[in-house]
Amino acid sequence: MTRNVRILGICGSLRAGSYNHGLLSALAEEAPAGVTVDLLGDWSGAPNLNVDLLDAGRPPAVVQEIAERVRAADGLVIASPEYCNSIPGALKNLLDWLSFPPPRSCLRFKPVGLVGASIGTGGTARGQTALRNSLLFFDTMLMGRPEVLVASSAVKFDEQGNLKDEEVRALLRRFLADFTEFTSSTLDRGLDPRDREFLFS
Ligand SMILES: Cc1cc2nc3c(=O)[nH]c(=O)nc-3n(C[C@H](O)[C@H](O)[C@H](O)COP(=O)(O)O)c2cc1C
């Protein structure tokens, strides 16, 4: 069955000119007919997590809005740098916020794919491993392959952060084809995360 698949992209970097933002933009450009990739955009308004900020179990409005965007998407793609061999602290903070209300968070049963770009040779491999481990907590449907590990990003993106490497673009097309199939099969099995009980809706 052919269905339209709506993917939400979250960038783990808040930096202007981020390579990971450029990777998500390229993913949106390479999306085939029937697939849309929307970018979450600037999420830097999410405060540092403090459970004192919960109001009757609800996170602050800015976090609820992000959670609603996640809930409404068919699938999620996270493009993140690796910081100090792990997840950027700000992204981890956002994911921690999205864990509310446990265990029925907006990420439960959500198809998730990971991509990443770094200036080093590892292409975010260690960061993605840490991210995968964190995402297990949410019972996400995590796609394992293909891995998109973009190393040496300084020569693959231009000054504005636009992807100029055709091999990476080809890999993104393969990733999109596989992630679309992965997401569709999750929905076809009746595991539609949008139908799940969710506190903020
Ligand atoms: C605090 C910090 C820690 C970093 N740690 C790593 C690292 O562990 N591995 C790596 O490959 N690059 C590391 N980098 C370099 C990033 O790959 C580089 O800054 C990259 O451009 C970040 O992605 P962005 O362009 O999307 O912001 C680090 C950068 C910062 C600011």
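Scroll up for the structure.
Note that the structure is a prediction, hence the values are computed from the model and not measured.

## Points about the overall build of the protein
- Counting its regular elements, the protein contains 5 helices and 6 strands.
- In terms of overall size, the protein behaves like a compact globule, its C-alpha atoms giving a radius of gyration of 16 Å where 201 residues would be expected to give roughly 17 Å.
- Dimensions along the principal axes, computed over C-alpha positions, put the protein at roughly 50 × 40 × 25 Å.
- Long-range pairs, those at least 24 residues apart, make up 80% of the contacts in the protein between residues at least 6 apart in sequence.

## Here's the deal with the pairing of strand β2 (residues 35–39)
- Where strand β1 (residues 5–11) meets β2, 5 bridges bridge the pair, whose relative direction is parallel. From the neighbouring strand, Gly9 faces β2, where its bridge partner is Leu39.
- Read as a crossover between parallel neighbours, the route from β1 over helix α1 (residues 19–29) to β2 is right-handed.

## As for the site of the ligand
- The environment of the ligand is made up of 14 residues, and the closest members are Ser13, Ser18, Pro81, Ser118 and Gly120.
- For the shell around the ligand, a count of residues per class yields 5 nonpolar, 7 polar and 2 charged.

## What about the environment of Phe138?
- With respect to the helices and strands, Phe138 occurs in the loop between α4 (125–136) and β5 (141–142).
- Taking the number of C-beta atoms within 10 Å as the measure of exposure, Phe138 has 20 and is therefore buried.
- As for Phe138 and Arg104, which are separated by 34 residues in sequence, their C-alpha atoms are 8.4 Å apart.
- The contacts of Phe138, once residues within four sequence positions are left out, are Ser99, Ser105, Leu107 and Arg108.

## Considerations on the nonpolar core
- Within the largest apolar cluster, 48 residues are counted, with the highest numbers of intra-cluster contacts made by Leu23, Leu27, Val70, Leu76, Val77, Ile78 and Leu98.
- Non-local contacts of Leu76, meaning those with residues more than four positions away in its chain, are made with Leu8, Ile10, Val70, Lys110 and Val112.

## Focus: the environment of Ile10
- The topology assignment puts Ile10 in strand β1.
- Taking the number of C-beta atoms within 10 Å as the measure of exposure, Ile10 has 24 and is therefore buried.
- A sequence separation of 70 residues divides Ile10 from Ser80, and the C-alpha atoms of the two residues are 8.1 Å apart.
- Beyond its immediate stretch of four places on either side in the chain, Ile10 contacts Leu40, Leu76 and Ile78.

## As for the environment of Arg6
- You can see Arg6 is positioned in strand β1.
- Between the C-alpha atom of Arg6 and that of Gly34, which follows or precedes it by 28 residues, the distance is 8.4 Å.
- Each residue touching Arg6, except ones within four places of it in the same chain, is listed here: Thr36, Asp38, Ala73 and Asp74.

## Quick word on the pairing of strand β3 (residues 75–79)
- With respect to burial, β3 is a largely interior element, 5 of its 5 residues being buried.
- Residues Gly75, Val77 and Ala79 line one face of β3 and the alternating positions Leu76 and Ile78 line the opposite face, and both faces are buried.
- As judged from the 5 bridges shared by β1 and β3, these two strands associate in the parallel manner. Paired with Cys11 across the bridge in β3 is Ala79.
- Pairing geometry for β3 and strand β4 (residues 111–117), over 4 bridges, is parallel. The residue bridging Val77 from the neighbouring strand is Gly113, located in β4.

Conventions used here
Residues numbered from 1 in each chain as written. Predicted model: local features only at pLDDT ≥ 70, side-chain atom pairs only at ≥ 80, totals over all residues. Helix = DSSP H or I, 4+ residues; strand = E, 2+ residues; numbered from the N terminus. Rg over C-alpha atoms; globule rule 2.2 N^0.38 Å. Contact = placed C-beta atoms within 7 Å. Pairing = 2+ DSSP bridges. Right-handed = clockwise from strand over helix to strand, strands pointing away. Near = placed C-beta within 6 Å. Nonpolar A, V, L, I, M, F, W, Y, C, P; charged D, E, K, R; others polar. Buried ≥ 20, exposed ≤ 12 C-beta atoms within 10 Å, placed from the backbone. Core = buried A, V, L, I, M, F, W, Y, C linked by C-beta atoms within 7 Å.

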